[in-house]
Amino acid sequence: MHKKHTPLILIVDDNPTNLQVLGKLLTEKGYDLSIAQSGQEALSFVNTNQPDLVLLDIMMPEMDGYEVCRRLKRDAATRHIPIIFLTAKIDADEVIKGFELGAADYVTKPFNAAELLARINVHIELNTLRGIIPVCSQCKNIRDDDGLWNQIEEYIESHSKALFSHSLCPPCMDELYGDQQWYREKKKET
Amino acid sequence: MFNGLRTRILLVVGSVILLTTIGIAFLVQREMEATVLDSEDRHAQYLLRTAFLNVESQYESLLFHQKSTLERRKQELKNIVDLAHVTIAEAYAKYQRGELSESEAKQQAIATTRQYRYDNSVGYVWINDLGTPIPRLIMHPTQPELEGKQLDDPKYFTALGLGKNLFVAMAEIARARESGYVDYLWPKPVAGGLTADQPKISYVKLFKEWGWVVGTGVYVDDIEKDVQSRKSAIIDELNKSFAKVKIADSGYLFIFNGAKRMLVHPSSAGQDMASMTNPGTGRFLVDEFIAAAQTPDVTLKYLWDKPGYRGEFHFEKMAYVVHFKPMDWYIAASVYTDEITQPAKALRLRIFYLSLFCLAAGLIVAIILARNLALPLQKLTQAAIDVDASGADEYNESQIPISGAAETQQLGAVLGNMVRSMRQAIREKDEALFALADSYQDLTYSSNRLASEIVERKQAENALQQAHNELETRVEERTAELATSNSRLQSEIEVRKQAQLDTERANQAKSEFLANISHEIRTPLNAVTGFSALLSSVVSDPVQQNYLAAIQASGKTLLVLINDILDLSKIEAGMMSIHPGPVDPRHLFGEIMQIFSISANGKPLLFCIDIDEGLPPVLMLDEVRLRQVLLNLVGNAVKFTEEGHIKLSATQLKWNQQQDRIDFSICVEDTGIGIHEEDRARIFDSFQQIEGHSRNKYGGTGLGLAISKRLVEMMNGEISVTGSAEIGSTFRIILKDVALATPEETGCARKSVTGVTPHKSPLLSEAGPKTSLNPEQSSPIHKPLELLSSLREDVLPEFESLKGAIIIKKVEKFELLLTSLGNTHDIHVLRKYAAELSIYRKNIDVAAMNRTLKEFPLLIEQLISALEGKHA
């Protein structure tokens, strides 16, 4: 069985206490975690890593969360990463500004743990099985991020919540068992 | 007006029918009219064609009759000539048999043939010869005067109409074919003389023996007459049969000939047509007919009169004309145009009436339908208006009519349900309103009570606030006082700190200078000692050998001095650090004893070791530094003791059970020259040696004790000296809070010690293999060099990659690397560091993680320099 992909979440906040609270919460839920303490750090992290989701504080010194979001959405390589704003602001204009910049969602501080986890889960699942999947045109195997070729059902099971149950479709049955006596009799009956 | 459902249905049905009717009238009718006209037209042409075929067959029979009559006549002629020929042949036979002479035979033949008459004695036979150029007549019954004469009368030359003599032509036929027919013109004998030339046909036959041409002719003018009489019989018959044919109501067939005479016509047969004109065009009608026959596609139209309206030439007629060439007859069919279009007109009218009927019927059906559909809806609407007017709570929903189509009935039922639920809702609303009014009263009462309570509380609060304010001003005053004294204190601290800092900086600068310069000195010194050693092997002169020995000894002394200076300066510059590891003191003491059994060679000295049995077998100490201190102290003891004993002892002083730490002391006791009371305070300073003893005698740099003191202090210990001059001295080291090694570390330390020789042990006691994890990997592989390279090549790059955002997984990986390296090379500090980082990571304590990571470069630097120092 292929190893299940553990989602990587980048938290961006200048306040260590916030980071600790969020980080504990997320690691306990089994997410991989990265922590950036400034916008600049977050951007350089995203240059070399592909987080599945970014939790982004708005109020930060030097570069604020809006600017980080704007830059992430401007770059084609990072545009697809869902961003959830963490904000103490509950001003509707600010929230709208966040969405206009391309944020997927926003959560106000102090946040409710269950709500935050639910939102994160939704956006990570929304993002599974998106984008371009390299597939072998002959055997239909799929290449994963590590460069290994997986059978399509393995890949989908490890990248989504879907499960497979295997059976045979009539044309394949014909091809497999067409020359078998029992099969022909059974087919004749039905 | 058009909003009513009924009106709309009527409008829809009416307009559908109207549109259909108009469509039929204007499109279908036109098409049908054309079809009817076309069929009438075809009918007329068909009749014309039939008439043409009739005339043609009549003509054929006429021709046949003419031909058969002629044939019969010709056969008759042939029979007569054959008879005459037989007669002549009998006469000739008689002459042949000799019954008659030739001329007699001829005479008899001529006489007999002359008698031959037929056709009421009009017909006869003649004989002429084949004489050239013009034959002579031999016998002719009606013109005997010409017998024997040449037939050159001019009339014989015109009979054939060819300018050729008739008899010459006959003679030519007889000569060429023996018999044949000739057509020509000849006067006919009638009662009272001869007629003008009449057509005649003759048959001639040659009697070869005598060269006679026998011939007879017959007039055929009667055949022509017969044909003419038959022709008029045909015309009569056509007149009769054409009279029966009617095209449309009063159209008819007629025939005229090329001579513009009307032959067959219901009313004007036999008339001359040449003068008739077409009132429409003003041209001769007959010319137009003839022209029309040349172009059968074009229908000729002209104006003519009509039976019942004779003489009124204003009825349009259409004529179809064909030309029968053999008789030069023109056969025509003419019809009145209005009669042809009549059926189409009738049809149009019928369709129009039918449409009107359909329109009326449709409208009636629509009216009934609309009534049927709209009435129940109107009733429903009225019911809804009633509900609105009387209010839903007053209206009885059983009055709502449920009738009409299924949908309308459903609508009625729904309306009833709505009225019912509205009534219920109104009732509930009323009840709720009453309940609301009640609770509002309760609320007003309790809010009044609350208001009075609030006023009371407010007053109490104000009093409290006042007291609080007073307290606050007092606190502020005291705070201000405190602040001023505090700031004074602060500034003083600053000044002192600055002073201390300056001192430290100066000291450090000195140490750094010393460290650098010592290194620079060591390099040339190496050359001095190295080359002098080389030189001593080539020099043999004892004096020179003596000099070289002095150079080498001085070099060695200088080297020791420099090493000591380096150590000291390192310590003072803070570049020396302590790295505790598991150490077995018993083994260490034994090692030192061995070393000194060599250096004390020759001196009558007893070396003894005394270790407290309660002392734990393995302690966490910096073995290298401890060994350095002990070697120094023992070295001094050996140096200053000429005889007696040297004792090395260790005693446990205190055991802190909670933390698993002990305090213990190490003593170096000798029976040497001892130290005077007044010297004891100075001996731990740099470059001090006991006065009164020349350096030459004892050697040394005077730095050993200074270094030892610093090192002991760094190991959290103290060093002191007791004893008296001439009796001996005792140096005592007390080490505090020394950790006990864990069982794992203990085992490791023992194994490492047992596997190596004492001379190599200093480093290996720290760098022993982690046997419990790597039993196969034996110690020689794990040299400090390898650890160094691991630190430089694995750990440092890994650490570099941690910079920037913290990636929890990478931190974990880094911890694992450090732990495994610490385990492999038994470097506790690495394990400890990893454990610490792990706790912070697990807690996601970002601040602590950052702080700890910042400490790492220093740690690694110390580790590397310690390893390098050992290696060197």
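Overview of the structure.

Reading guide: rules and limits
Residues numbered from 1 in each chain as written. Chains lettered and ligands numbered in written order. Predicted model: local features only at pLDDT ≥ 70, side-chain atom pairs only at ≥ 80, totals over all residues. Heavy atoms only, no water. Patch = residues over 30% accessible without salt bridge, like charges linked within 9 Å, V, L, I, M, F, W, Y side chains within 5 Å. Areas by Shrake-Rupley, 256 points an atom, 1.4 Å probe, with all protein chains shown as cover. Salt bridge = Lys/Arg side-chain N within 4 Å of Asp/Glu carboxyl O. Lys, Arg positive; Asp, Glu negative; His and termini not counted. Charge placed at Lys NZ, Arg CZ, Asp CG, Glu CD. Helix = DSSP H or I, 4+ residues; strand = E, 2+ residues; numbered from the N terminus. Pairing = 2+ DSSP bridges. Axes fitted to C-alpha atoms, helices over the stretch in contact; angles between N-to-C directions. Contact = heavy atoms within 4.5 Å. Buried < 20%, exposed > 50% of the residue type's maximum accessible area, 1.4 Å probe, protein only. Parallel < 35°, antiparallel > 145°, perpendicular 65-115°, else oblique. Left-handed = near helix turned anticlockwise from the far one by under 90°. Nonpolar A, V, L, I, M, F, W, Y, C, P; charged D, E, K, R; others polar. Phe/Tyr/Trp six-rings, centres within 6.5 Å; stacked < 30°, edge-to-face > 60°. Lys NZ or Arg CZ within 6 Å of the ring centre and 35° of its normal. Buried area = accessible area lost by both parts, 1.4 Å probe. Polar contact = N/O pair within 3.5 Å; in protein donor to acceptor, adjacent residues only side chain to side chain.

**Regarding a negative patch on the surface**
- Taken together, the side chains of D393(B), E394(B), E428(B), D430(B) and E431(B) define an acidic patch exposed on the protein surface.
- Among the structural elements, D393(B) can be located in the loop between helix 7 (337–390) and helix 8 (406–538).

**What to know about the sheet that holds strand 15 (residues 661–670) of chain B**
Residues and elements named next belong to chain B.
- Read from one edge of the open sheet, 5 strands run 12-14-15-17-16, paired in mixed fashion. Only two strands of the sheet have a single partner each, and these edge strands are strand 12 (605–611) and strand 16 (717–724). Within the sheet, the average angular offset between the axes of one strand and its neighbour, ignoring direction, is 15°.
- Summarising the sheet, strand 12 and strand 14 (residues 644–656) pair through 7 bridges and their orientation is parallel. Among the inter-strand pairings, L605 is bridged to a residue of strand 14, identified as G644.
- Of the strands in this sheet, strand 12, strand 14, strand 15, strand 16 and strand 17 (728–739) are in contact with helix 11 (residues 623–640), which crosses strand 15 at around 25°.

**Some thoughts on unusual backbone geometry**
- Even without glycine at this site, E62(A) takes up a positive phi of about 65°.
- You can see E62(A) is positioned in the loop between strand 3 (53–57) and helix 3 (65–74).
- Assessed through its relative accessible area of 88%, E62(A) is described here as exposed.
- Here the phi dihedral of N716(B) falls at roughly 60°; this positive angle occurs in a residue that is not glycine.

**Focus: the pairing of strand 16 of chain B**
- In this sheet, strand 17 of chain B lies alongside strand 16 of chain B in antiparallel orientation, the contact comprising 8 bridges. Across the sheet, the residue bridging to G717(B) is L735(B), located in strand 17 of chain B.

**With respect to the packing of helix 1 (residues 5–97) of chain B against helix 2 (residues 102–114) of chain B**
All names here are of chain B.
- Across the interface, helix 1 lies against helix 2 with an axial gap of 8 Å and an inter-helix angle of 160°. As summarised for this structure, helix 1 and helix 2 are arranged roughly antiparallel, according to the angle between their axes. Judged by the sense of rotation from one axis to the other, the crossing of helix 1 with helix 2 is right-handed. The segment helix 1 lies against helix 2, with A84, T87, I88, A91, K94 and Y95 engaging E102, A105, Q108, A109, T112 and T113.
- Of the residues assigned to the contact of helix 1 with helix 2, the class counts are 6 nonpolar, 4 polar and 2 charged.

**Remarks on the packing of aromatic side chains**
Residue and element names in this part refer to chain B.
- The final tally for this structure, using the stated rule, is 29 aromatic pairs over all chains.
- An aromatic cluster of at least three residues, connected via ring pairs, comprises Y252, F254, F256, F289, Y302, W304 and Y330.
- A cation sits over an aromatic face here: K74 above Y181, 5.0 Å from the ring centre.
- Just above the ring of Y336 sits the side chain of K317; from NZ or CZ to the centre is 4.5 Å.

**Focus: the packing of helix 7 (residues 170–177) of chain A against helix 8 (residues 181–189) of chain A**
Residues and elements named next belong to chain A.
- Packing of helix 7 against helix 8 brings their axes to within 9 Å, and their N-to-C directions diverge by 145°. Counted together, P170, M173, D174 and Y177 of helix 7 and W182, Y183 and K187 of helix 8 form the full contact between these two elements.
- For the contact of helix 7 with helix 8, a count of residues per class yields 5 nonpolar, no polar and 2 charged.

**Quick look at the interface of chain B and chain A**
- The partner chain A presents 15 residues to the 13 residues of chain B that form the contact.
- Of the roughly 1,100 Å² buried between chain B and chain A, counting both surfaces, carbon and sulfur atoms make up 59%.
- By the criterion of area lost to chain A, the three top residues of chain B are A805(B), I844(B) and V846(B), representing 40% of everything that side buries.
- In this structure, D32(A) and K809(B) form a salt bridge, with 2.9 Å as the shortest nitrogen-oxygen distance.
- Summed over the shared surface of chain B and chain A, the result is 6 residue pairs in polar contact (both at pLDDT 80 or more).
- Among the secondary structure elements, those contributing two or more residues to the side of chain B that touches chain A are strand 18 (806–807), helix 17 (808–825) and helix 19 (846–871) of chain B.

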